Amino acid sequence: MPVSALPAASERAVNSSAFKALFQAAEALGADITALFTEMGVTLSELEDSDRRYPVSDLFRLYELVAHKVASPDIGLYIGRIDYVNRLNLQLYACSACTTFREYLNVMPSVLRIVGDIGEVKVRREGEFIRLDWQPLAPESAAQRYLSDSSLSVAAAIVNSVCVRPIPIRAAHFSYAEPADLDLLKQQFGDCLRFDQPTSCVYLDRACLDYALIKLDANWVQALAQPIRYLFEDNSNNNDFVLAVRKTLLRLLPSGDMNIDRAAEALGISRRTLQRRLAAQGTQFLQVLQELRAELAIQYLGDERLSITDIAFLLGYMDQSSFSGAFRSWHGQSPRDYRKQ
């Protein structure tokens, strides 16, 4: 996200899923949920509203409350585990478009932004390693554990589950001070831990980039292939080149960085050639992109395993509200109302 597009601190917000995960962790660890709802001034019905957003400042307050009530500064590690499971369906959809861990990493950073305006995980190379860096939007949050722990926990869980070969974490760095109890951190990230570092990150062997992803069960493959069959096999109005563009866009969309230059590069042609060949078919890049998104949105909404937020990111949108606005322009109603029908 460009710096100019970042929301002001007072406008930063998170999706209701971030709050739901914290309440789930609090209940599992023995907190009085009724009292917690009262203290935060929220209700269960509000949390079930996937379109609802809460100020980031309220998220930090809830983290502090839950950590105090369950007497555990490790609450971010628990949230990471919950978020990992809650996003399994989204990860499976992403895996269906990839064959190697290198390709999957192009998708994963976007997946990890689905909470809201708190930051993102970036992939970097460093010698024989690759690093997954946690980059918070609020620099002051780097000194506290919660977001670093939860974001890197999700990343570590994903890394350790999508490939046939295991991918061990070689080291983990944290931007906060060393806590007194390291047991859960070591269980999650191993023994090589360093604190008071410039960036919270985990190190992986660079060789893992070419590891093969686990092939999905046949039933899952059939379910995941449904949008592809609908969009390609039954679409006789498109010629081979337009179909090639649509297939390329389908693979690139979850990365969230979708533009004509990236599509041209993936197709192995120049931007001008892409424009010229599409024009010869009476269309243009943005038209192909929007038609594909509109059709995919309908297919994904038919799968109740995917949340509205999941669908937004599978279609390459930065957040749920951007997807909802686009969907209204295509179909005259919100994704949530369409799914209810």
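Up top is the structure.
Read on for an overview of the structure.

Analysis parameters
- Residues numbered from 1 in each chain as written.
- Predicted model: local features only at pLDDT ≥ 70, side-chain atom pairs only at ≥ 80, totals over all residues.
- Heavy atoms only, no water.
- Helix = DSSP H or I, 4+ residues; strand = E, 2+ residues; numbered from the N terminus.
- Buried < 20%, exposed > 50% of the residue type's maximum accessible area, 1.4 Å probe, protein only.
- Contact = heavy atoms within 4.5 Å.
- Areas by Shrake-Rupley, 256 points an atom, 1.4 Å probe, with all protein chains shown as cover.
- Pairing = 2+ DSSP bridges.
- Axes fitted to C-alpha atoms, helices over the stretch in contact; angles between N-to-C directions.
- Expected span 1.5 Å × (residues − 1).
- Parallel < 35°, antiparallel > 145°, perpendicular 65-115°, else oblique.
- Left-handed = near helix turned anticlockwise from the far one by under 90°.
- Nonpolar A, V, L, I, M, F, W, Y, C, P; charged D, E, K, R; others polar.

**Points about the overall build of the protein**
Looking only at helices and strands, the protein features 18 helices and seven strands. Across the 341 residues of the protein, 51% fall into the buried class. Long-range pairs, those at least 24 residues apart, make up 66% of the contacts in the protein between residues at least 6 apart in sequence. Of the accessible surface of the protein, which amounts to about 16,300 Å², a share of 48% is contributed by carbon and sulfur atoms.

**Some details on the sheet that holds strand β3 (residues 119-126)**
Pairing within the open sheet is mixed, and its five strands lie in the order β3-β4-β7-β5-β6. Of all the strands in the sheet, just β3 and β6 (193-194) have a single pairing partner and so form its edges. On the sheet, helix α9 (residues 146-159) packs against β3, β4 (129-136), β5 (169-173) and β7 (200-205) and is oriented at approximately 145° with respect to β4.

**A word on α9**
Between its terminal C-alpha atoms α9 stretches 20 Å, which fits the 20 Å expected from 14 residues at 1.5 Å a residue. For α9, the tally of buried residues reaches 14 of 14 residues, placing the bulk of the element in the interior.

**Concerning the packing of helix α12 (residues 240-252) against helix α14 (residues 271-280)**
Interhelical geometry of α12 versus α14 gives an angle of 130° and a closest axis separation of 10 Å. Taken together, the axes of α12 and α14 lie oblique to each other. Seen along the crossing, α12 lies across α14 with a hand that is left-handed. Contacts from Phe241, Val242 and Val245 in α12 reach Leu274, Arg277 and Leu278 in α14. For the contact of α12 with α14, the per-class residue count stands at five nonpolar, no polar and one charged.

**Notes on the packing of α12 against helix α15 (residues 285-301)**
Where α12 contacts α15, the two axes come as close as 10 Å, and the packing angle between them is 60°. On the basis of the axis angle, α12 is oblique to α15. Along this stretch, α12 crosses α15, giving a crossing that reads as right-handed. Between α12 and α15, the residues in contact are Val245, Arg246, Leu249 and Leu250 and Phe285, Val288, Leu289, Leu292, Glu295, Leu296 and Tyr300, respectively. Taken together, the residues that form the contact of α12 with α15 break down as nine nonpolar, no polar and two charged.

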